[in-house]
Amino acid sequence: MSALRQLFRFNGGVKPAYHKEASTTLPIAVAPAPTRLVIPLHQSIGGPPRPLVTTGDRVLKGQRIGGADGNVSSAVHASTSGTVLGVEMRLMPHTSGLSALCVVIEPDGRDEWMERQPFDFHAATPTATRDYLRDAGVVGLGGAVFPSHLKLNAGKQGKLDTLVLNGAECEPFITCDDALMRERADALLKGAAIMRDMLAATRVLVGIEDNKPEAIAAMEAAAARTGDDSIQVVAVPTRYPAGGAKQLIRVLTGIEVPHGERSTDHGVQCFNVGTAHAIYEAIALGQPLISRIITVAGNVGQARNYEVLFGTSMRDLIAPCAPLPDTDRIIMGGPMMGFLMPGDDVPVVKATNCVLVGSRALFPPPPPEMPCIRCGECAKACPADLQPFEMYWFSRARMFGKAQEYHLFDCIECGCCAYVCPSRIPLVDYYRFAKSEIWAREVDKEAADQARERYEFRLLREEREKQEKAAKLAAKTAAGREKAAAALAEAEKPARTPEEEAKHALIAAALERAKAQKAQVQPENTGDLSPEQQAEIAAIEARRAEIREQAKPHLRQDD
Amino acid sequence: MNNSPYFLKPASVQSVMLRVLLALLPGIAVYVWFFGAAVLVQIALASVTALLAEAAMLKLRGKPVMMFLGDGSALVTAWLIALTFPPIAPWWLTVVGVLSAIVVAKHLYGGLGQNPFNPAMVAFALMIVAYPSLMSQWPAVGFTDFLPQWHAIFGPRQLDAITMATPLDALRTALHTADARATVAGVLGSQATFGNIGGKGWEWVAAGYFIGGIYLLQQRIITWHMPAAFLATLLVVSSGFALFDPTRFVGPSFHLFTGGAMLGAFFIVTDPVSGCTTPRGKLIFAAGIALLTWIIRTFGAYPDGIAFAVLLMNIAAPLIDMNTQPPVFGHKRKGDGRP
Ligand code: SF4
Ligand code: SF4
């Protein structure tokens, strides 16, 4: 039931034009069956799953094709039945244009499910349920794709106060959660109930921005049908980024999760509404996560929400929406935080909540960047209460240590600051750049530490060997010594996977830069990171090289 | 743009600056009503000089001239100079003042957004130190004949008939140099320059600036912190001393409604580039200016102290900012983050 309750506010935020009507006029449609599926194995935060199929295998819909690699990982499944054409590197839906291992499937058109069985989570231990969800590939569908089983943990006290379901959907253009709540509210709340039981939470708060009256009404009706008054639907004021997890928790519960702590330490856990639906399907229907609702909007004839199989090409997805002729880009996500796609032939993945079709007319290139006039607009708009212009100043001057003192790593890259800046400074680009540089230096430092340790260890060993050799000298033949040396050299050489090889190249490049600029940073808020943050770091690391390229034109020294 | 956000609020430096100019108009209109059209001549003169100087400096520094010239920041500086200088100042005084603001205070420090000092106040301070008498000749209130004013600006100057000491100047001179028995009440009652609230005519100009200031607040171009802190501090300090010894210290309405107090509160103190940016910093910054203004007005050798007060606080601004950083989300309290 909905109830009048006291809401809290977060500072800052902006009210961009929402553009949400276009995609909510029609109900959710099932996207046309694709002729080919390219399913990336690595679709979540955490370790990349191991491929479980090879070329020529026949797979069923819902069959696991990528197995979770350790617990911080999540499985991947075939979205329909068909034949595996290959397990190969394909272009990712990622701005940098990097490729990653994908399972390419040719659908057989029969859409034949594997055997599905509901999971009796009441009978299972929490660990077993979490393992089940991991293998069902359930991840956060708000865009962060954090493996859900890791978050369905009641925490230290063994119970939580509040389960927050995030239906705020504050990004312009995106309406997939809106559509889901309108059409599948009952299933969604069943998922919420499962989550509540797993977390031993006392109440469920569903936060929905008040610009979605239909969704609120549908959810309230569904909540009433459950007859369970621990579930409350709450309309929250429409203000971007009300859907940021920390912001929504703040608005609904008043709790401001302190830096470096988790919301569960304060009795709150937050999930996207789409995730609740996915959990319902996984547990109650025995269906792994193989599709999701995606908004296609922007520069199209008919914007709409589709139920899309993962691995569908974005080009196939947008085709029925009739993209207009002046289309010049595809963005994954919304206009505030979305990512430019390297092309339209990239697959839809679990993180895809929206495929935004762009054009010059819709998203005109910003007027030239002017100097910062310290007007403070950005600080007023920042939901993290940061001083964006100070971080900008220090990032541009490459004084990364100072930028960190201004809490660079508390920036959620929401884009509010850049949105309001009258000087049209691409502020977020500078933060991305600074963050990536700082991570690079972290890596450098680690590498240097490792190298030093290796070196010291070798000295030690050489010393010991010298002594041993002196003792055994008489017994040793010249040939034997040589062999030993060769073996030693072999043992010393670390075995490198291609990934490590790439990392080493990165490190080498970073070392070069570090030499060039002696400035030392002492990263301060990079210690004791949660898996979320570490995962974020990994993502940032991947974006690094490309960002540096993009940031270059902004980094004029004299201005 | 390759990176999010892909769309921006339709805001620009230019629109900010244009709205600042718009906000100055009510004050200017009242000014013309009471003191004649000379101020318009000064505004025109200052604007042309500022734009030429800005263009020349941009060209010298290899910057895109049209893009920066259009930002309007030079015009704001020019208008503020024209409004703080005497409207009958000789033309070259205004020109030199504007040049020192644009060339020295702005561009030699790195141009838009980089200047540590408020350019208009640099101009005022330099000129009042170099030409104290020229900077103290103000037209008599109500004497709005244009021709003598025109001559005052462009020569030949015949000033006696048209000038009058400003209220601040008159009071200071009377209290400091006249016989020791002069009291505030006596001085205020004796001269035509004093009005009902502040200085005659000046009180209405101040009201005009106040209206402009409200517009800036409504447009969210400035926040309430600086004007409120400035005016409140001036009010409290001047009331306190006036209560303590009403014969020697003039009361708050006089301080608030004469000289540059209102213009300062809404248009000068609030210059974002050279001032503080954190909410608490803004309060301290503006309060500091008000205090210094009162001290200079009361004890100093110059009639109005705002320019020096602003420059002094400009020096302190970075330090104040550094020590008044607002708490960042999630850093407010250690432990439980509950409200
Ligand atoms: S909004 Fe832009 S111009 Fe204003 S202070 Fe922030 S960065 Fe500077
Ligand atoms: S992008 Fe970062 S600095 Fe900018 S408003 Fe968002 S949180 Fe604040």
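On a predicted model such as this, the values are computed, not experimentally measured, just so you know.

**Details of the overall build of chain B**
Thought 1: In terms of helices and strands, chain B carries 15 helices and two strands.
Thought 2: Residues counted as buried form 55% of the 339 residues belonging to chain B.
Thought 3: In chain B, 76% of the contacts between residues at least 6 apart in sequence involve partners at least 24 apart.
Thought 4: Total accessible area computed for chain B in this model is approximately 13800 Å², and 70% of it derives from carbon and sulfur atoms.

**Examining the interface of chain B and chain A**
Thought 1: The interface of chain B with chain A comprises 47 residues on the first partner and 66 residues on the second.
Thought 2: Buried surface at the junction of chain B and chain A, both sides included, amounts to about 4800 Å², of which 57% is carbon and sulfur.
Thought 3: Counting every contact that joins chain B to chain A gives one salt bridge.
Thought 4: Residue Arg374(A) is joined to Asp321(B) by a salt bridge in which the shortest nitrogen-to-oxygen separation is 3.2 Å.
Thought 5: On the surface where chain B and chain A come into contact, there are 12 residue pairs in polar contact (both at pLDDT 80 or more).
Thought 6: For the side of chain B that touches chain A, the secondary-structure elements that each account for two or more residues are helix H1 (13-35), helix H3 (65-69) and helix H15 (306-323) of chain B.
Thought 7: Split into classes, the residues belonging to the side of chain B that touches chain A amount to 20 nonpolar, 16 polar and 11 charged.

**Overview of the domain arrangement of chain B**
Residue and element names in this part refer to chain B.
Thought 1: Looking at the assigned domains, one finds that chain B contains domain 1 (12-164) and domain 2 (167-324).
Thought 2: With 32 residues of domain 1 in contact, the opposing surface of domain 2 contributes 30 residues.
Thought 3: Between domain 1 and domain 2 the total buried area reaches about 2700 Å² when both faces are included, carbon and sulfur atoms providing 79% of it.
Thought 4: A per-residue breakdown of the area domain 1 buries against domain 2 is headed by Arg-19, Asn-118 and Met-121, which together make up 19% of the total.
Thought 5: Across the contact surface, domain 1 and domain 2 share zero salt bridges.
Thought 6: There are three residue pairs in polar contact (both at pLDDT 80 or more) connecting domain 1 and domain 2.
Thought 7: Of all the elements, H1 adds the most residues to the side of domain 1 that touches domain 2, at 13 residues.
Thought 8: Of the residues assigned to the side of domain 1 that touches domain 2, the class counts are 24 nonpolar, seven polar and one charged.

**Description of a nonpolar patch on the surface**
Residues and elements named next belong to chain B.
Thought 1: A grouping of Trp-91, Phe-146, Leu-147, Trp-150 and Phe-154 is seen on the molecular surface, where their side chains present a nonpolar patch of about 490 Å² in accessible area.
Thought 2: In terms of residue count, the dominant contributor to the nonpolar patch is helix H7 (residues 146-154) (four residues).
Thought 3: Classification of Trp-91 as partly exposed rests on a relative accessible area of 38%.

Calculation notes
- Residues numbered from 1 in each chain as written.
- Chains lettered and ligands numbered in written order.
- Predicted model: local features only at pLDDT ≥ 70, side-chain atom pairs only at ≥ 80, totals over all residues.
- Heavy atoms only, no water.
- Helix = DSSP H or I, 4+ residues; strand = E, 2+ residues; numbered from the N terminus.
- Buried < 20%, exposed > 50% of the residue type's maximum accessible area, 1.4 Å probe, protein only.
- Contact = heavy atoms within 4.5 Å.
- Areas by Shrake-Rupley, 256 points an atom, 1.4 Å probe, with all protein chains shown as cover.
- Buried area = accessible area lost by both parts, 1.4 Å probe.
- Salt bridge = Lys/Arg side-chain N within 4 Å of Asp/Glu carboxyl O.
- Polar contact = N/O pair within 3.5 Å; in protein donor to acceptor, adjacent residues only side chain to side chain.
- Nonpolar A, V, L, I, M, F, W, Y, C, P; charged D, E, K, R; others polar.
- Domains from an automatic or database assignment.
- Patch = residues over 30% accessible without salt bridge, like charges linked within 9 Å, V, L, I, M, F, W, Y side chains within 5 Å.

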